[in-house]
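This is what each chain is made of:
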Amino acid sequence: MTSHTDNLDPAEIAKFENLAARWWDPHSEFKPLHDINPLRLDYIRRRVGLEGRRVIDVGCGGGLLSEAMARAGAEVTGIDMGEAPLSVARLHLLESGLEVDYRQTTAEAVAHEQPGQFDAVTCLEMLEHVPDPAAVIRACAELVKPGGHVFFSTINRNPKAYVFAIIGAEYLLRMLPKGTHDYRKFIRPSELDDWARRAGLELEDLTGMTYNPLTRHYRLGRDVDVNYLACYRKEDGTQD
């Protein structure tokens with residue numbers, strides 16, 4: 001079984017360390033994250049309601065989603081293994097005036113320390129960057145309270161996803177730096193669901209996210225061929 005100290009890819013962490021200073025620039029390499037953040041936030045709010053909820057954002061990076069959830073009234077803990085993105089996230093709190101507890105640690109480590117302590121767990125655009133995504137999913141299931149919700153988003157693995165997420169986004173449209181994604185690490189919804197069910201999570205919703213290169217807008221819908229979000233609920237009374 002993968003331990004929390006093993007389930008790290010230094011090369012993946014380095015990618016985001018090198019870009020951290022531009023995390024909050026909506027015209028930088030992180031523009032796609034800025035563009036989809038309102039959609040992600042709305043997806044979460046419609047399913048759990050964030051006011052007064054205790055939430056942990058796994059793989060929080062520079063804090064875009066963490067701050068948005070805090071602004072919506074949640075008590076947010078943001079965790080990441082990248083030191084530079086977390087430094088940027090903490091500095092941005094001085095500008096926003098919000099409160100987020102940022103920690104440089106892993107989901108597995110926090111799950112060991114604080115099992116079942118969160119009303120909701122978000123793990124977005126992160127699973128495709130770790131060696132053992134199933135271990136992260138198990139940790140997310142351990143972190144959430146029985147009856148609570150866990151949110152994942154990642155990229156499907158099929159020829160269309162390769163064309164759109166890598167060839168299109170990284171090479172043709174140059175929306176992302178080349179090498180941001182590794183096709184071999186993309187995750188089919190069936191694989192995600194298998195890992196989640198084994199961890200005691202039950203699927204409540206699966207929604208796709210698509211990008212229109214002409215209008216340059218994202219939208220949520222039924223097409224899960226490339227990017228998708230999933231909402232899971234932890235079974236009541238589950239013993240982890």
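Residues numbered from 1 in each chain as written. Predicted model: local features only at pLDDT ≥ 70, side-chain atom pairs only at ≥ 80, totals over all residues. Heavy atoms only, no water.

Caption draft 1: Broad picture of the overall build of the protein chain. Looking only at helices and strands, the protein chain has 8 helices and 8 strands in total. Scaling as 2.2 N^0.38, a compact globule of 240 residues should have a C-alpha radius of gyration of about 18 Å, and the protein chain matches this with 17 Å. Evaluated residue by residue, the protein chain yields a buried proportion of 52% over its 240 residues. Residue pairs in contact within the protein chain that sit at least 24 positions apart in sequence constitute 70% of those at least 6 positions apart. Approximately 11,500 Å² of the protein chain is accessible, and the part contributed by carbon and sulfur atoms is 51%. Looking at the protein chain, you have 28 positive and 37 negative side-chain charges, and the mean spots of the two groups are 5 Å apart. (Helix = DSSP H or I, 4+ residues; strand = E, 2+ residues; numbered from the N terminus. Rg over C-alpha atoms; globule rule 2.2 N^0.38 Å. Buried < 20%, exposed > 50% of the residue type's maximum accessible area, 1.4 Å probe, protein only. Contact = heavy atoms within 4.5 Å. Areas by Shrake-Rupley, 256 points an atom, 1.4 Å probe, with all protein chains shown as cover. Lys, Arg positive; Asp, Glu negative; His and termini not counted. Charge placed at Lys NZ, Arg CZ, Asp CG, Glu CD.)

Caption draft 2: Spotlight on unusual backbone geometry. Here the phi dihedral of Glu125 falls at roughly 50°; this positive angle occurs in a residue that is not glycine. Structurally, the position occupied by Glu125 is in the loop between β4 (118-124) and α6 (133-143). The phi dihedral of Arg216 is positive, around 60°, even though this residue is not glycine. Relative to the assigned elements, Arg216 resides in the loop between β6 (201-212) and β7 (217-221). We classify Arg216 as exposed; its relative accessible area is 59%.

Caption draft 3: Representation of the layout of surface pockets within the structure. By volume, the second largest pocket is sized at about 240 Å³. Lining the second largest pocket are 13 residues, with Lys31, Leu173, Arg174, Met175 and Tyr211 sitting closest to its centre. A class-by-class count of the residues in the lining of the second largest pocket yields 7 nonpolar, 1 polar and 5 charged. (1 Å grid on protein atoms, 1.4 Å probe; cavity = no way out; pocket = protein on both sides within 12 Å on 5 of 7 lines; lining within 4 Å. Points joined across faces, edges and corners; volume = space filled by probe spheres on them. Nonpolar A, V, L, I, M, F, W, Y, C, P; charged D, E, K, R; others polar.)

Caption draft 4: The arrangement of a nonpolar patch on the surface in detail. Where nonpolar side chains cluster on the molecular surface, the patch consists of Tyr162, Val163 and Phe164 and spans about 280 Å² of accessible area. Of note, Tyr162 is situated in helix α7 (residues 159-172). (Patch = residues over 30% accessible without salt bridge, like charges linked within 9 Å, V, L, I, M, F, W, Y side chains within 5 Å. Salt bridge = Lys/Arg side-chain N within 4 Å of Asp/Glu carboxyl O.)

Caption draft 5: Just the pattern of salt bridges, in detail. One pass over the structure, following the stated rule, counts 18 salt bridges. Residue Arg22 pairs with Glu29 through a salt bridge whose shortest N-O separation is 2.8 Å. With a relative accessible area of 24%, Glu29 lands in the partly exposed category. For Glu67, the salt bridge identified is with Arg71, shortest N-O distance 3.8 Å. Taken as a pair, Glu67 and Arg71 lie in helix α3 (residues 64-71) at a separation of 4 residues, close to a single helical turn. Judged by relative accessible area, which is 55%, Arg71 ranks as exposed. When salt bridges that share partners are traced, they join Asp193, Asp194, Arg197 and Arg198 into one network.

Caption draft 6: Examining the sheet that holds β6 more closely. Pairing in this open sheet of 8 strands is mixed, and the strands run β3-β2-β1-β4-β5-β8-β6-β7 from one edge to the other. One side of each edge strand has no neighbouring strand; the edge strands of this open sheet are β3 (100-104) and β7. The mean inter-strand angle of the sheet, taken between neighbouring strand axes irrespective of direction, is 20°. Across the sheet, helix α2 (residues 31-48) touches β4, β5 (144-155), β6, β7 and β8 (227-234), and the angle it forms with β7 is around 25°. Sheet strands touched by helix α8 (residues 189-198): β5, β6 and β8. Its angle to β8, the strand with the most contacts, is close to 15°. (Pairing = 2+ DSSP bridges. Axes fitted to C-alpha atoms, helices over the stretch in contact; angles between N-to-C directions.)

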